[in-house]
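# Structural overview for review
Here are the chains, one letter per residue:
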Amino acid sequence: MVFAVPHDTVLIADGGLATELEARGHDLSDDLWSARLLVDSPDEIVAVHEAFYTAGADIAISASYQASFDGFAERGITRDEARRLLIRSVELARAARDRVGDGGWVAASVGPYGAALAGGEEYQGRYGLTVAELADWHRPRLEVLVSAQPDVLALETVPDVDEAEALAALVHELGAPAWLSYTIAGGSTRAGQSLEQAFAVAADIPEIVAVGVNCSAPTDVLGAVEVAHRVTGKPVIVYPNSGEVWDGPRRRWTGRPGLDTDLARQWVDAGARIVGGCCRVRPDQIAAISSVVGKLRP
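A quick note: this is a predicted structure, and the numbers were derived from the prediction, not measured. (Residues numbered from 1 in each chain as written. Predicted model: local features only at pLDDT ≥ 70, side-chain atom pairs only at ≥ 80, totals over all residues. Heavy atoms only, no water.)

## Here's the deal with the sheet that holds strand β8 (residues 208-214)
Quick reminder of the rule: Only when DSSP finds a minimum of two bridges between them are two strands counted as paired. The way it works is that DSSP assigns letters per residue, a run of H or I at least four long becomes a helix, a run of E at least two long becomes a strand, and they are numbered from the N terminus.
Strands sit in the order β1-β12-β9-β8-β5-β4-β3-β2 across an open sheet of 8 strands; the sheet is parallel. Every interior strand has two partners, whereas the edge strands, β1 (11-12) and β2 (59-61), have only one. Pairing analysis gives 4 bridges linking β8 to strand β9 (residues 236-239), with the strands arranged parallel. Bridged to G212 within β9 is I237.

## Some remarks on the pattern of salt bridges
Condition: We define a salt bridge as a contact between a side-chain nitrogen of Lys or Arg and a carboxyl oxygen of Asp or Glu at a distance within 4 Å. Any residue under 20% of the maximum accessible area for its type is buried, any over 50% is exposed, and the rest in between are partly exposed; the area is computed with a 1.4 Å probe on protein chains only.
Scanning the model with the defined rule gives 13 salt bridges in all. A salt bridge links D160 to R126, with the shortest nitrogen-to-oxygen separation between them at 2.7 Å. Of the two residues, D160 is situated in the loop between β4 (152-158) and α8 (161-174) and R126 in the loop between α6 (113-117) and α7 (131-147); the sequence distance between them amounts to 34 residues. The buried category is assigned to D160, whose relative accessible area is 3%.

## Section: the packing of helix α3 (residues 42-55) against helix α12 (residues 283-294)
Note the threshold: Only the contacting stretch of a helix is used when fitting its axis, a line to C-alpha atoms as for every element, and angles between N-to-C directions run 0 to 180 degrees. Angles are sorted into four bins: roughly parallel if under 35 degrees, roughly antiparallel if over 145, roughly perpendicular if 65 to 115, and oblique for all others. Should the near helix be turned anticlockwise from the far one by less than a right angle, the crossing is termed left-handed; should it be turned clockwise, right-handed. The contact definition used throughout considers only heavy atoms, calling two residues in contact when any of these lie within 4.5 Å. The classification used treats Ala, Val, Leu, Ile, Met, Phe, Trp, Tyr, Cys and Pro as nonpolar, Asp, Glu, Lys and Arg as charged, and all other residues, Gly among them, as polar.
At a closest axis distance of 8 Å, the pairing of α3 and α12 adopts a crossing angle of 25°. In terms of their interaxial angle, α3 and α12 are classed as roughly parallel. As α3 runs across α12, the sense of the crossing is right-handed. Touching A51, F52 and A55 of α3 are P283, I286, A287 and S290, all from α12. Here the residues of the contact of α3 with α12 are counted per class, giving 6 nonpolar, 1 polar and no charged.

## Some details on the packing of aromatic side chains
The condition that has to hold: For Phe, Tyr and Trp, rings pair up if their centres lie within 6.5 Å, where Trp contributes its six-membered ring, and each pair is then called stacked (planes under 30 degrees apart), edge-to-face (over 60) or tilted (otherwise). Two thresholds decide whether a charge sits over a ring: the Lys NZ or Arg CZ must be within 6 Å of the ring centre and within 35 degrees of the ring normal.
Applying the stated rule across the entire model yields 5 aromatic pairs. Aromatic side chains F3 and W105 sit 5.1 Å apart centroid to centroid with 90° between the ring planes, which places their arrangement in the edge-to-face category. Of this pair, F3 sits in the segment before β1 while W105 sits in strand β3 (residues 105-110), placing them 102 residues apart in sequence. Ring plane angle 65° and centroid distance 5.1 Å describe the contact between Y113 and Y127, whose orientation is recorded as edge-to-face. Of the two residues, Y113 sits in helix α6 while Y127 sits in the loop between α6 and α7, which places them 14 residues apart along the sequence. The positively charged end of R79 is found above the aromatic ring belonging to F69, 4.0 Å away from the centroid.

## Regarding α3
Put simply, the test is: Here a helix's expected span is defined as the number of its residues, less one, multiplied by 1.5 Å.
In this model, α3 (14 residues) spans 20 Å end to end at C-alpha, consistent with the 20 Å of a helix rising 1.5 Å per residue. For α3, the full list of buried residues reads I45, V46, V48, H49, F52, Y53 and A55. Packed against the buried residues of α3 are α1 (17-23), α2 (37-40), β2, α5 (79-100), β3 and α12. Within two residues after α3, G56 carries a phi angle of roughly 125°, on the positive side.

## Let's talk about the side chain of H138
Along the chain, H138 turns up in helix α7. Looking at H138, the relative accessible area reads 0%, which means it is buried. Apart from the residues within four sequence positions on either side, H138 is in contact with V110, G111, P112, Y113, E163, L167 and L170.

## Here we look at the UniProt feature "binding site: Zn(2+)" (unreviewed entry) in the chain
As a reminder of what qualifies: UniProt positions are given in the numbering used here, feature names are shortened, and annotations may be inferred rather than shown by experiment.
The residues that UniProt annotates with the feature "binding site: Zn(2+)" (unreviewed entry) are C215, C278 and C279. These annotated residues cover 65 residues of sequence, and their C-alpha atoms lie no more than 6.5 Å from one another, placing them together at a single site. A relative accessible area of 13% means that C278 is categorised as buried. Sequence-distant contacts of C278, that is, excluding residues within four places in its chain, are made with G15, G16, N214, C215, Y239, P240 and N241. As for its placement among the helices and strands, C279 is situated in the loop between β12 (272-275) and α12. Excluding anything up to four places from it in sequence, C279 contacts T19, C215, N241, S242 and W253.

## As for the nonpolar core
Note the following rule: As used here, the term nonpolar core means buried Ala, Val, Leu, Ile, Met, Phe, Trp, Tyr and Cys residues forming a set that is joined through side-chain atoms within 4.5 Å.
Membership of the largest hydrophobic core comes to 85 residues, with the highest contact counts inside it found for L153, L155, Y182, V238, W267 and V275. Non-local contacts of L155, meaning those with residues more than four positions away in its chain, are made with V110, L142, L167, V171, A178, W179, L180 and S181. Counting 19 residues, the second-largest nonpolar core is a separate cluster that includes A107, V209, A210 and I237.

## Here we look at unusual backbone geometry
For A118, which is not a glycine, the phi torsion comes out positive at approximately 65°. Looking at where A118 falls in the secondary structure, it is placed in the loop between α6 and α7. The partly exposed category is assigned to A118, whose relative accessible area is 29%. With a phi angle near 50°, C215 is a residue other than glycine that sits in the positive phi range. In this structure, C215 sits in the loop between β8 and α10 (221-232).

In structure tokens:
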């Protein structure tokens, strides 16, 4: 099957893979985050993908967000083994889909350069690298993930227009379908650029089949949907955090847990065609989103 976002229905993306792994007792404080379990506990990754599919997700996003050749090298993992682990991330999601047996899609997560730095830099952007340098860093990992034949690449949690330009050029070069999803704060990218400028990066790239936002506050989503739809005319994807806020110094989440699934009604009405969750969004909340959105399918 060729991944395409329908205009006449709504697909459900999964939720927070790392959140669910932590709920199952895994310590993800390592710099590799959930990618560490590609080495240590691949069966647990499959189990979490299965849980989201069973909850109603149409799309599982692979455990490759924080996986990089640099990060694996720091753990003493060779380049050949790192390549195998990246491919494994896609294979595990595919295995979960096949076990559940209801069809579905597999998206290979391509996290930003800041994720590999493992210090929250993806929520700032402006790394001091040029577009060409960012493309050079991303290209080897993208090539490996494409070789694993996912249905689509998830260019996600992108904080900066420069990085989006590098990634958009690469997927065009590789001929690989992808969605481009920014992390935002208010009405701007994390690096402070306008959303009009950010989404315009994808407007003329045919390989980018959807645009949107993730790993952001639910209250910031509606305005972004409207801008993304207006600027690109492409289907819009949204998968925000639960609404809780990460307290860095205390290393804990604060605020009211649980994504207000009624917001999905507004997002779909504004043009969202893929809806899911990111950090702190668990399978039960994906099931609730699926239930709400199921009643809204255009």
